[in-house]
Amino acid sequence: MNVREIAKLANVSIATVSRVINRPEVVQPETRAHVLSVMRAHNYNPAARGAAARTGSICLLAEHAGDYLIQRLLFGVESVAARRDCSVYLCGTGGRPEDELLRAAIGQRFDGLIICSSSLGAESAARLVNAHMPFVLAERCPAAAHFNACYVNFEEGAYRMARHLLELGRKRLWLLTNEHRPNVAANMREGLLRAQRAAGLEPDAGRVLRVPENGVHAGYEAAFEVLAGSLPDAVFAASDELAFGFMKALLEHGVGVPDEIAVTGFTDSPTAGIVTPELTTVEQPTHRLGMVAARMLFDMIDGIPAADTTPQEIVLLPKLKIRASCGNRRHINTLFE
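Just so we're clear, the structure is a prediction, and the values are computed from it rather than from any experiment.

What follows is about the environment of Phe110. Mapped onto the fold, Phe110 is located in the loop between helix 5 (98-107) and strand 3 (113-116). A relative accessible area of 15% places Phe110 in the buried class.

Given below as structure tokens:
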């Protein structure tokens, strides 16, 4: 008995059966009850299906396992996996070679992988396919564009932030990013340039400041390069940590934030709302991203035909969270856009 047969017996679509298994809250109660009754009548248990060949565990493979956003992603994956009594293992790459990590993941016989990396190569993706290892990409990866993927639209998030800064009269914008995620940095830069073009300004492609790593110290050091020349109107950091370090250096040198220069981030970490001034940032829906990635993966594990034959791409939009560090003067603690 498989998902296709259950769908036929219940006279519903395969997608409906999948939703009953993985997303019961979105199915009409009467439909859900009907499908569950058919499953019980035929002793169909999706968690036990193929149990002899499964380990009851999946792996989240991430480049920076300790990152706040990865932890949020993990919580989203776990919220879906828990319904299936499935364990989730978090594995950080730690700079190790990609082939080594994938061989290890295949050797551990996980039921599937969620890969949060923008650098997965086409050859590595093909290796997973040949090993019959279900996997989903949880970050945009141009080299593996023909596989199931879900990711946050960083270009749109950067566009919204840059547009907001331009509307506040901040014309000279710098993007502060790190070298570990070149694809993300490129997408954010394109969002910045798109906002400049939409505002009728000449795109300033050279105003990108790159640092070797992500973190408060890197942001602090980057500020000295900005302080050495003519100050921009605003610095848009690719993470809250970079923004925190950058603001600390500015304030130590008597440069007012946001009066002399606006500073914004791109994480919406818990600290963003308690620093002074409170940090304008972008909320990335990483918890939801983890849930979406897990549901896509379990569809593949369950052998739902559409998940195997038609690659899906789900794009989530970030949300702008306006606070004081951008120069917002409205009397509100946090303004959502």
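The next thing to look at is the pairing of strand 8 (residues 234-237). On a regular strand, one side chain projects to one face of the sheet and the next to the other, so that they alternate. In strand 8, alternate side chains face the same way, and those of Ala234 and Phe236 on one face and Val235 and Ala237 on the other are all buried. As paired strands, strand 6 (residues 173-178) and strand 8 are joined by four bridges and run parallel to one another. Bridge pairing links Leu175 to Phe236 in strand 8. As judged from the three bridges shared by strand 8 and strand 9 (residues 262-264), these two strands associate in the parallel manner. What sits directly across from Ala234, in strand 9, is Ala262.

Before going further, it helps to examine the packing of helix 1 (residues 3-10) against helix 3 (residues 29-41). At a minimum axis separation of 10 Å, helix 1 and helix 3 run at an interaxial angle of 120 degrees. With respect to their mutual orientation, helix 1 and helix 3 come out oblique. As helix 1 runs across helix 3, the sense of the crossing is right-handed. Contacts from Ile6, Leu9 and Ala10 of helix 1 reach helix 3 at His34, Val35, Val38 and Met39. Here the contact of helix 1 with helix 3 is composed, by residue class, of six nonpolar, one polar and no charged.

A few words now on the packing of aromatic side chains. Applying the stated criterion across every chain yields a total of five aromatic pairs. For the pair Phe236 and Phe266, a centre-to-centre distance of 5.7 Å together with 45 degrees between the ring planes defines the contact as tilted. Here the residue Phe236 occupies a position in strand 8, and Phe266 occupies one in the loop between strand 9 and strand 10 (281-283), the gap between them amounting to 30 residues. Overall, the relative accessible area of 1% leaves Phe266 in the buried class.

It is worth spelling out empty space enclosed by the protein at this point. In this structure the tally under the stated criterion is one cavity of 30 Å³ or more. One number sums up the size of the largest cavity: a volume of about 40 Å³. Taken together, Ser118, Glu139, Arg140, Tyr151, Val152, Phe154, Asn183, Val184 and Asn187 make up the full set of residues lining the largest cavity. Put simply, the parts of the chain that give the lining of the largest cavity at least two residues each are strand 5 (149-152) and helix 8 (182-198). The biggest single contributor to the lining of the largest cavity is helix 8, with three residues. Counting residues domain by domain, the lining of the largest cavity receives three or more from each of domain 2 (57-147 + 287-316) and domain 3 (154-280).

In spatial order, the strands read 7-6-8-9; together these four strands make up an open sheet with parallel pairing. Of all strands in the sheet, those bounded by a partner on one side alone are strand 7 (208-211) and strand 9. Each strand of the sheet is rotated relative to its neighbour by a mean of 20 degrees, with strand direction disregarded. Along the sheet, helix 8 makes contact with strand 6, strand 7 and strand 8, crossing strand 6 at roughly 170 degrees. Against the sheet, helix 9 (residues 216-227) engages strand 6 and strand 7, with an angle of about 140 degrees to strand 7.

The assigned domain composition of the protein chain is domain 1 (3-42), domain 2 (57-147 + 287-316) and domain 3 (154-280). One C-alpha centre belongs to domain 2, the other to domain 3, and the line joining them spans 30 Å. Contacts between domain 2 and domain 3 engage eight residues on the former and ten residues on the latter. For the pair domain 2 and domain 3, the summed buried surface comes to about 750 Å²; carbon and sulfur atoms form 50% of the total. Linking domain 2 to domain 3 there are zero salt bridges. Put simply, domain 2 and domain 3 have zero residue pairs in polar contact (both at pLDDT 80 or more) between them.

Looking now at the state of the cysteines. Following the criterion strictly, the structure yields zero disulfides and no others. Not part of a disulfide, Cys116 finds its nearest cysteine sulfur in Cys150, a span of 9.2 Å. You can call Cys116 buried: its relative accessible area is 8%. Looking at the unpaired Cys141, the closest cysteine sulfur is the one in Cys116, lying at 11 Å.

As a further point, take the nonpolar core. Among soluble globular proteins, nonpolar side chains are generally buried collectively. Counting residues in each nonpolar core, the largest one holds 51 residues, and the members touching the most others are Ile58, Ile114, Met188 and Phe298. Element by element, the count of residues in this core is highest for helix 11 (residues 286-301), at ten residues. Both of domain 2 (57-147 + 287-316) and domain 3 (154-280) provide at least three residues apiece to this core. Every residue in contact with Phe298, bar those within four places of it in the chain, is listed here: Asn22, Ile58, Val80, Ala81, Arg84 and Cys86. In terms of nonpolar packing, the next biggest core, distinct from the first, is built from 25 residues, Ala223, Val226, Val255 and Leu279 among them.

Cut-offs applied
- Residues numbered from 1 in each chain as written.
- Predicted model: local features only at pLDDT ≥ 70, side-chain atom pairs only at ≥ 80, totals over all residues.
- Heavy atoms only, no water.
- Helix = DSSP H or I, 4+ residues; strand = E, 2+ residues; numbered from the N terminus.
- Buried < 20%, exposed > 50% of the residue type's maximum accessible area, 1.4 Å probe, protein only.
- Pairing = 2+ DSSP bridges.
- Axes fitted to C-alpha atoms, helices over the stretch in contact; angles between N-to-C directions.
- Parallel < 35°, antiparallel > 145°, perpendicular 65-115°, else oblique.
- Left-handed = near helix turned anticlockwise from the far one by under 90°.
- Contact = heavy atoms within 4.5 Å.
- Nonpolar A, V, L, I, M, F, W, Y, C, P; charged D, E, K, R; others polar.
- Phe/Tyr/Trp six-rings, centres within 6.5 Å; stacked < 30°, edge-to-face > 60°.
- 1 Å grid on protein atoms, 1.4 Å probe; cavity = no way out; pocket = protein on both sides within 12 Å on 5 of 7 lines; lining within 4 Å.
- Points joined across faces, edges and corners; volume = space filled by probe spheres on them.
- Domains from an automatic or database assignment.
- Buried area = accessible area lost by both parts, 1.4 Å probe.
- Salt bridge = Lys/Arg side-chain N within 4 Å of Asp/Glu carboxyl O.
- Polar contact = N/O pair within 3.5 Å; in protein donor to acceptor, adjacent residues only side chain to side chain.
- Disulfide = S-S within 2.5 Å.
- Core = buried A, V, L, I, M, F, W, Y, C linked by side-chain atoms within 4.5 Å.

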